[in-house]
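# Breakdown of the fold
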Amino acid sequence: IRLQSGGWFQTTVVAWNGGTWRPGGAEQQQSSGVFGWHSEDSYDWTFVAPVALASDFPESCEGPNENSIVERSDGSILAVIRLDGDPNPAWAPKTCPCHGACSSAKNFVSTTSTSEGRSWSKPLEMRDSAGGGIGCVMPRLLKLDSGPLLLTSGRLHTENTVDIFLWVSRSG
């Protein structure tokens with residue numbers, strides 16, 4: 001995303017030590033995450049900070065992966081991140097916390113940076129004003145010029161539906 005300051009910020013899902021974003025057991029929980037990168041020219045990028053790490057979510061089978069970011073009017077960056085989106089995934093190994101559990105789907109988590117991505121708040125589970133879950137897969141954020149912030153997602157397994165959803169924050 002292009003920042004108000006003129007720089008650029010992006011996230012990537014990274015796995016190391018032979019890991020993948022689909023975990024292979026407890027050891028995998030330590031080897032993946034969503035990471036932030038900053039650039040002044042959109043060509044040369046520098047790592048700035050982890051946005052969310054799998055080790056922060058030991059109850060998660062997939063760990064943080066699909067994500068979307070947006071810069072708010074106040075200059076803060078909002079990241080919305082998927083943890084687990086599939087109820088009882090067939091690929092889940094027996095060592096995974098969600099193996100054989102239909103409740104492996106998780107709501108999105110959100111985190112905010114007020115330092116152009118150099119540090120992040122603790123990720124928190126997202127719920128709507130009525131207490132219902134927000135998101136399971138493919139988060140997409142859009143900040144409208146008129147102020148509202150939109151979030152779309154599909155397969156809301158935490159609420160037992162597979163529709164496509166739109167959430168609106170009028171205050172952005």
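In this report, we go over the structure that sits alongside the text. (Residues numbered from 1 in each chain as written. Predicted model: local features only at pLDDT ≥ 70, side-chain atom pairs only at ≥ 80, totals over all residues. Heavy atoms only, no water.)

### A word on the pattern of salt bridges
Enumeration over the complete set of coordinates arrives at 3 salt bridges. A salt bridge links E66 to R82; the nearest nitrogen and oxygen atoms lie 3.1 Å apart. Of this pair, E66 sits in the loop between β3 (46–53) and β4 (67–71) while R82 sits in the loop between β5 (77–81) and β6 (109–113), and the two are 16 residues apart along the sequence. E66 sits in the partly exposed class, given a relative accessible area of 23%. A relative accessible area of 4% places R82 in the buried class. The shortest N-O distance in the salt bridge between R118 and E116 comes to 3.5 Å. (Salt bridge = Lys/Arg side-chain N within 4 Å of Asp/Glu carboxyl O. Helix = DSSP H or I, 4+ residues; strand = E, 2+ residues; numbered from the N terminus. Buried < 20%, exposed > 50% of the residue type's maximum accessible area, 1.4 Å probe, protein only.)

### Quick word on the sheet that holds strand β9 (residues 149–154)
Strand order in the open sheet formed by 3 strands is β8-β9-β10, with antiparallel pairing between adjacent strands. With partners counted over all chains shown, the strands left at the sheet margins are β8 (137–143) and β10 (164–169), one partner each. Strand-to-strand, the axes of this sheet are offset by a mean angle of 15°, without reference to chain direction. As paired elements, β8 and β9 share 5 bridges and run antiparallel to each other. When the sheet's bridge partners are listed, K143 is paired in β9 with L149. (Pairing = 2+ DSSP bridges. Axes fitted to C-alpha atoms, helices over the stretch in contact; angles between N-to-C directions.)

### Here we look at the environment of W120
Relative to the helices and strands, W120 resides in the loop between β6 and β7 (124–125). Judged by relative accessible area, which is 16%, W120 ranks as buried. If we ignore the near neighbours within four places in the chain, the residues touching W120 are F9, A49, P50, V51, I77, A79, T111, T112 and S113. At a separation of 3.1 Å, a polar atom in the side chain of W120 contacts the main-chain carbonyl oxygen of G117. (Contact = heavy atoms within 4.5 Å. Polar contact = N/O pair within 3.5 Å; in protein donor to acceptor, adjacent residues only side chain to side chain.)

So, to be careful, I would describe these as geometric facts and stop short of saying anything about function.
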